[in-house]
Structure formats: C-alpha cells, structure tokens
Amino acid sequence: MVCQWQVRQQLLLALPQVREAVDLVVDPPGRAPGRMTLTTYHSAKGREFDVVILPGLINKHVPYWGRYGIGEAELRIARRNFYVALTRAREEVVLLSGSFFTDAWSTPRCTGPSIFVTDILGPDGSA
C-alpha cells in the first residue's frame, strides 16, 4: 500500500511537467499546430523528426521482460531498437519514465525506470 501511495504522489507531482512538455511538442513555436506522427520503434527506422517522445520507459515494459524474464540476445535487440527510436530526433528527445506500471488487474507494480533510461541519465536521473 505504501508503494501505491508513493506512486500516486509522484504521478500528481509530475503531471504539470508532462503536460507542459506535450504542449510544447504538439504546438512548437513557429510551426503549424496539431501535427504529430505516431509510430513504433521499428517503423521509425530511417526517418527523422524534430522532436521524439518516448513514453512508457518503465522496467519490464521497455525492455519487455515477459513472464520468464529477458535473455541476453533479446536485451541486445531491445537496446538496439531503443537506440533507433532515440536517434530519430533532430532537435529534442523527451523520455517519459516512471517507477511503476499497472498490470491487467489494475495492481500497481513498482519496477523502477527502464534500464535504458538509467543507462542514459545514471542511477539518480541527473545525467
């Protein structure tokens, strides 16, 4: 129960920052408003965008661990796909991470930020 309370507090504190980041990306100054492309990591290969938003960067989701964990080969492939997505941005990358996800039964699971985010920003998230 402590985990669920902490998660809700963190989410409530982060909401204004997320809204501000999304507003800037959706309607950047000097651009036509409302233009956004939604794509997967795989289909973004070979394309470029001014701003890339990578949501859901939570451990066990990115990379996806499945029921039995993740092997070294799968981790290498996931890391390569993440790199492709990360390098599609010409100007800015927005990483949306957190410390939990909600499973199919609406139970929060505290797993921490994606290991790929900690690779970039370091364990304390300060780069």
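These remarks concern the structure in this document. On a predicted model such as this, the values are computed, not experimentally measured, just so you know. (Residues numbered from 1 in each chain as written. Predicted model: local features only at pLDDT ≥ 70, side-chain atom pairs only at ≥ 80, totals over all residues. Heavy atoms only, no water.)

1. Describing the pattern of salt bridges
Scanning all chains against the criterion turns up three salt bridges. Of the charged contacts in the structure, one is a salt bridge between Glu48 and Arg90, with a shortest N-O distance of 3.6 Å. Of this pair, Glu48 sits in the loop between helix H1 (2–26) and strand E1 (49–57) while Arg90 sits in strand E2 (residues 89–97), and the two are 42 residues apart along the sequence. Linking Arg90 and Asp50 is a salt bridge whose minimum nitrogen-to-oxygen distance equals 3.0 Å. Of this pair, Arg90 sits in strand E2 while Asp50 sits in strand E1; the two residues are 40 residues apart in sequence, bridging distant segments of the chain. Classification of Asp50 by relative accessible area gives buried; the value is 16%. (Salt bridge = Lys/Arg side-chain N within 4 Å of Asp/Glu carboxyl O. Helix = DSSP H or I, 4+ residues; strand = E, 2+ residues; numbered from the N terminus. Buried < 20%, exposed > 50% of the residue type's maximum accessible area, 1.4 Å probe, protein only.)

2. Details of the nonpolar core
In terms of nonpolar packing, the biggest core is built from 11 residues, these being Phe49, Val52, Leu54, Leu57, Val62, Leu75, Ala78, Phe82, Ala85, Phe116 and Val117. Of all the elements in the fold, those that place two or more residues in this core are E1, helix H2 (72–86) and helix H3 (115–121). (Core = buried A, V, L, I, M, F, W, Y, C linked by side-chain atoms within 4.5 Å.)

3. Describing unusual backbone geometry
For the peptide bond that leads from Val62 to Pro63, omega is 0°, which places it in the cis range. Along the chain, Pro63 turns up in the loop between E1 and H2. Of note, the phi angle at Lys60 is positive, near 80°, even though the residue is not glycine.

4. Considerations on the pairing of E2
Pairing analysis gives six bridges linking E1 to E2, with the strands arranged parallel. Along E2, the bridge assignment pairs Leu57 with Ser97. Note on the crossover from E1 through H2 to E2: the handedness is right-handed. (Pairing = 2+ DSSP bridges. Right-handed = clockwise from strand over helix to strand, strands pointing away.)

5. A closer look at the environment of Val52
Topologically, Val52 is positioned in strand E1. Relative accessible area serves as the criterion here: at 9%, Val52 is assigned to the buried category. The residues touching Val52, leaving out its near neighbours within four places in the chain, are Ala85, Arg88, Ala89, Glu92, Val93 and Val94. (Contact = heavy atoms within 4.5 Å.)

6. So, the packing of aromatic side chains
What the rule picks out here adds up to two aromatic pairs. Members of the aromatic cluster, joined through ring pairs, are Tyr41, Phe82 and Phe116. (Phe/Tyr/Trp six-rings, centres within 6.5 Å; stacked < 30°, edge-to-face > 60°.)

7. Let's talk about the side chain of Arg88
Following the sequence through the fold, Arg88 ends up in the loop between H2 and E2. In this structure the side chain of Arg88 is engaged in a polar contact, spanning 3.2 Å, whose partner is the backbone oxygen of Arg47. (Polar contact = N/O pair within 3.5 Å; in protein donor to acceptor, adjacent residues only side chain to side chain.)

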